[in-house]
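One-letter residues, chain by chain:
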Amino acid sequence: MALVAGIDSSTQSCKVVIRDADTGALVRQGRASHPDGTEVHPEHWWNALQAAITQAGGLADVSAVSVGGQQHGMVCLDGTGDVIRPALLWNDTRSAPAALDLIREAGDGDSAAGARYWSRATGTVPVASLTITKLRWLAGNEPDNASRVAAVCLPHDWLSWRLAGFGPGSGEAGLAALRTDRSDASGTGYYSAAADEYLPDALEKSLGHVPRLPAVVGPLDIAGKTPEGSLIGPGAGDNAAAALGVGAGVGDVVLSLGTSGTVFAVSATPAADESGLVAGFADATGNFLPLACTLNATRVFDATAALLDVSLEEFNELALAAPAGAGGLTLIPYFDGERTPNLPDAAGSLHGITRTNYTPENLARAAVEGVACSLADGLAALQAQGVEARRVILVGGGAQSPAVQLAASQLLGLPAFVPTPGEYVADGAARQAAAVLAGSIPEWTLTGVDLPAEPSDGGILARYRRYAAAYLA
């Protein structure tokens, strides 16, 4: 029985799963925490990976390994292979002004023209999370460090590189061994997923020079070997790895309900949204992964449950006890502003209150339907880019709520699948490792619950229109 390992190096922690390469059966696993913060030295990731590997029983009997990781993080190396400064993570917002500068400059002062340029060039309009904006910040605020940058890579690239036996002091030969994949490269802001190539001019405008970049390898290519001889897969960004982990294919839309919401789809064609709502990423199989984010998901449920002084289980029961439409109560869930639609200064609001509908049950139902409508906005943004949506896959902590499942199937009008909770990113990385070993992506059995699409009647459409009218008011 050949074994493969999948690694999820996220913002919070590192998780390792060891699975049977043929069946996907879980054999063992391990986990270790990462330090908090939006600026972290990569060595912490390496130490956590070693601890997680040890907890998982080691990799001595593993034939292939692959890393899924948090996207966008800026890892800068000097000519010897040493890390120059702590990595700026995706959630570090100090580069927001740099993103605006890059947009304006590309349009010769016209932000709309600049957004159009970036969307066509890279598929994504610059925002603070992208690596290119962090490099621009580095050039403007730490010019000495910027001048020392000989290579730039991403968290998963750096960990794969370390697994291959390289690291500080590796020199030019080590830097030449850096590898990445399309999915993670597509989140940098200086790579075109559609053309499958780096854009050195964009990188030079950001950093001031063009450093070495990891070679982009294909979905089934070997990115290297560990000193013990295990194959190293290309790796992937976390969303692309999760898509692989839940078995998403063309026509599937993944709705992830965590603290915030993420809507992404496997698509045969690239996206280029000049509005900036949809990021034109690539996936881990050779297709594309257009993605939209919402800022408010399970935190809305937490806040509403706290207001009602009930547990989350009781909150769910209240929502299920209310009628569809919450008796006319409409909650706009923009508690922390919103990204889709782009309303960063918005606030949440409650509409349609009457003495008869202002009940705990209706308020809980309105919170669930508000978040479902917000995710529907994300799906609509993807569909405006030509994404085909035949099925929804619901993942994340919020996806386990029966009230959420019901509201999503009603409001989206699509059949849904709720996979059994698991380590989707690590599982996707393990599946990629198995693919590299076998030469094709294995068909692992995925357990979960299938939800039929609820009849799409006028009441459902009216609820969405009521929600849309409320946030546009």
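Look up a bit, the structure's there.
For clarity, every value in this text was computed on a predicted model and none was experimentally measured. (Residues numbered from 1 in each chain as written. Predicted model: local features only at pLDDT ≥ 70, side-chain atom pairs only at ≥ 80, totals over all residues. Heavy atoms only, no water.)

Participant: What is the right way to read the pairing of strand β19 (residues 288-294) from this model?
Facilitator: Within a regular strand, the side chains alternate between the two sheet faces. Within β19, 6 of the 7 residues are buried, which leaves it mostly tucked inside the rest of the structure. As judged from the 4 bridges shared by strand β18 (residues 279-282) and β19, these two strands associate in the antiparallel manner. Bridge pairing in β19 links glycine 280 to proline 290. What sits between β18 and β19 in their antiparallel hairpin is a turn of 5 residues, with glycine 286 showing a positive phi close to 110 degrees. (Buried < 20%, exposed > 50% of the residue type's maximum accessible area, 1.4 Å probe, protein only. Helix = DSSP H or I, 4+ residues; strand = E, 2+ residues; numbered from the N terminus. Pairing = 2+ DSSP bridges.)

Participant: Would you explain the side chain of aspartate 273 in this entry?
Facilitator: Summarising the element assignment, aspartate 273 is placed in the loop between β17 (261-265) and β18. For the buried residue aspartate 273, which engages in no salt bridge, the nearest side chain bearing the opposite charge is arginine 339, 7.8 Å off. Polar contacts involving the side chain of aspartate 273 include one to the side chain of serine 275, which spans 2.8 Å. There is a polar contact of 3.0 Å between the side chain of aspartate 273 and the backbone nitrogen of valine 278. For aspartate 273, the residues in contact, after removing those within four places along its chain, are Ser119, Gly123, Val125, Val278 and Gln385. (Lys, Arg positive; Asp, Glu negative; His and termini not counted. Salt bridge = Lys/Arg side-chain N within 4 Å of Asp/Glu carboxyl O. Polar contact = N/O pair within 3.5 Å; in protein donor to acceptor, adjacent residues only side chain to side chain. Contact = heavy atoms within 4.5 Å.)

Participant: I'm lost on the pattern of salt bridges in this one. Help?
Facilitator: Under the definition given, this model contains 17 salt bridges. Residue arginine 85 pairs with glutamate 39 through a salt bridge whose shortest N-O separation is 2.7 Å. Taken together, the residues span a long stretch of sequence, with arginine 85 in the loop between β6 (75-77) and β7 (87-88) and glutamate 39 in strand β4 (residues 39-40) at a distance of 46 residues. A relative accessible area of 8% places arginine 85 in the buried class.

Participant: Explain the sheet that holds strand β23 (residues 416-419) to me, please; I cannot follow it from the model alone.
Facilitator: Ordered by their spatial adjacency, 7 strands build an open sheet running β18-β19-β17-β16-β22-β23-β24, and the pairing between neighbours is mixed. At either end of the open sheet lies a strand with only one pairing partner, and these are β18 and β24 (448-451). The mean inter-strand angle of the sheet, taken between neighbouring strand axes irrespective of direction, is 25 degrees. When β17 meets β19, the two strands line up antiparallel, connected through 4 bridges. The partner of glycine 261 across the bridge, within β19, is threonine 294. Sheet strands touched by helix α13 (residues 360-383): β16 (252-257), β17 and β19. Its angle to β17, the strand with the most contacts, is close to 30 degrees. (Axes fitted to C-alpha atoms, helices over the stretch in contact; angles between N-to-C directions.)

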